[in-house]
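This is what each chain is made of:
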Amino acid sequence: MQIECIFFGPFRDAIGEKTVHYRTDADTVGDLLCDLETEFPALRGELVTDCEDDERTIAGDTVVTKDTRNVVHIDGLETDLEADAVIRLVPSVYGG
């Protein structure tokens, strides 16, 4: 299936594009994020704490939305994916 992934801030810089239409067999958001870390090595460790760990979590304060809804408020990394979903990846921003 194809998923639209929209990257913000340093994530966009890391892959060199704002939007990627990504083909995946991932069933969940967590699986998709691990796929993206493999596809784009500059993202490794930035999206998921550890793709090999069954207790993986979203890395840092990264915000991941599926169709405008924060996945934390759905099923976290276990949130199901459907074809044509839009995933937004927003890094935490610190400043003052």
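For the structure given in this document, a descriptive report is provided here. (Residues numbered from 1 in each chain as written. Predicted model: local features only at pLDDT ≥ 70, side-chain atom pairs only at ≥ 80, totals over all residues. Heavy atoms only, no water.)

## Notes on the side chain of Thr 24
Turning to step 1, where the next piece is worked out: For Thr 24, the location among the structural elements is in the loop between β2 (19-23) and α2 (29-39).
Turning to step 2, where the next piece is worked out: A polar contact is formed between the side chain of Thr 24 and the side chain of Asp 35, at a distance of 2.9 Å.
Turning to step 3, where the next piece is worked out: If we ignore the near neighbours within four places in the chain, the residues touching Thr 24 are Met 1, Ile 3, Leu 32 and Asp 35. (Helix = DSSP H or I, 4+ residues; strand = E, 2+ residues; numbered from the N terminus. Polar contact = N/O pair within 3.5 Å; in protein donor to acceptor, adjacent residues only side chain to side chain. Contact = heavy atoms within 4.5 Å.)

## Focus: the side chain of Thr 79
Turning to step 1, where the next piece is worked out: Mapped onto the secondary structure, Thr 79 falls in the loop between β4 (69-70) and β5 (86-90).
Turning to step 2, where the next piece is worked out: A residue is classified by how much of its surface remains accessible, and Thr 79, at 1% relative accessible area, is buried. (Buried < 20%, exposed > 50% of the residue type's maximum accessible area, 1.4 Å probe, protein only.)

## Comments concerning the nonpolar core
Note on soluble globular proteins: their nonpolar side chains tend to be buried together.
Turning to step 1, where the next piece is worked out: Membership of the largest hydrophobic core comes to 25 residues, with the highest contact counts inside it found for Phe 7, Leu 32, Leu 33, Leu 36 and Leu 89.
Turning to step 2, where the next piece is worked out: For this core, the secondary structure elements donating two or more residues are β1 (2-7), α1 (9-15), β2, α2 and β5.
Turning to step 3, where the next piece is worked out: Among the elements that make up this core, the one with the highest residue count is α2 (five residues).
Turning to step 4, where the next piece is worked out: Look past the residues within four positions of Leu 33 in its chain and what remains in contact with it is Leu 47, Val 48, Val 64, Leu 77 and Leu 89. (Core = buried A, V, L, I, M, F, W, Y, C linked by side-chain atoms within 4.5 Å.)

## Topic: the state of the cysteines
Turning to step 1, where the next piece is worked out: Scanning all chains against the criterion turns up one disulfide.
Turning to step 2, where the next piece is worked out: Left without a disulfide partner, Cys 5 is nearest to the cysteine sulfur of Cys 34, which lies 13 Å away. (Disulfide = S-S within 2.5 Å.)

## Observations concerning the pairing of β1
Turning to step 1, where the next piece is worked out: In this structure, β1 lies alongside β2, joined through five bridges in antiparallel fashion. The residue bridging Gln 2 from the neighbouring strand is Arg 23, located in β2.
Turning to step 2, where the next piece is worked out: In this sheet, β5 lies alongside β1 in parallel orientation, the contact comprising four bridges. Each residue of the ladder has a partner; that of Glu 4, found in β5, is Val 86. (Pairing = 2+ DSSP bridges.)

Such coordinate-based values are descriptive only and should not be taken to indicate function.
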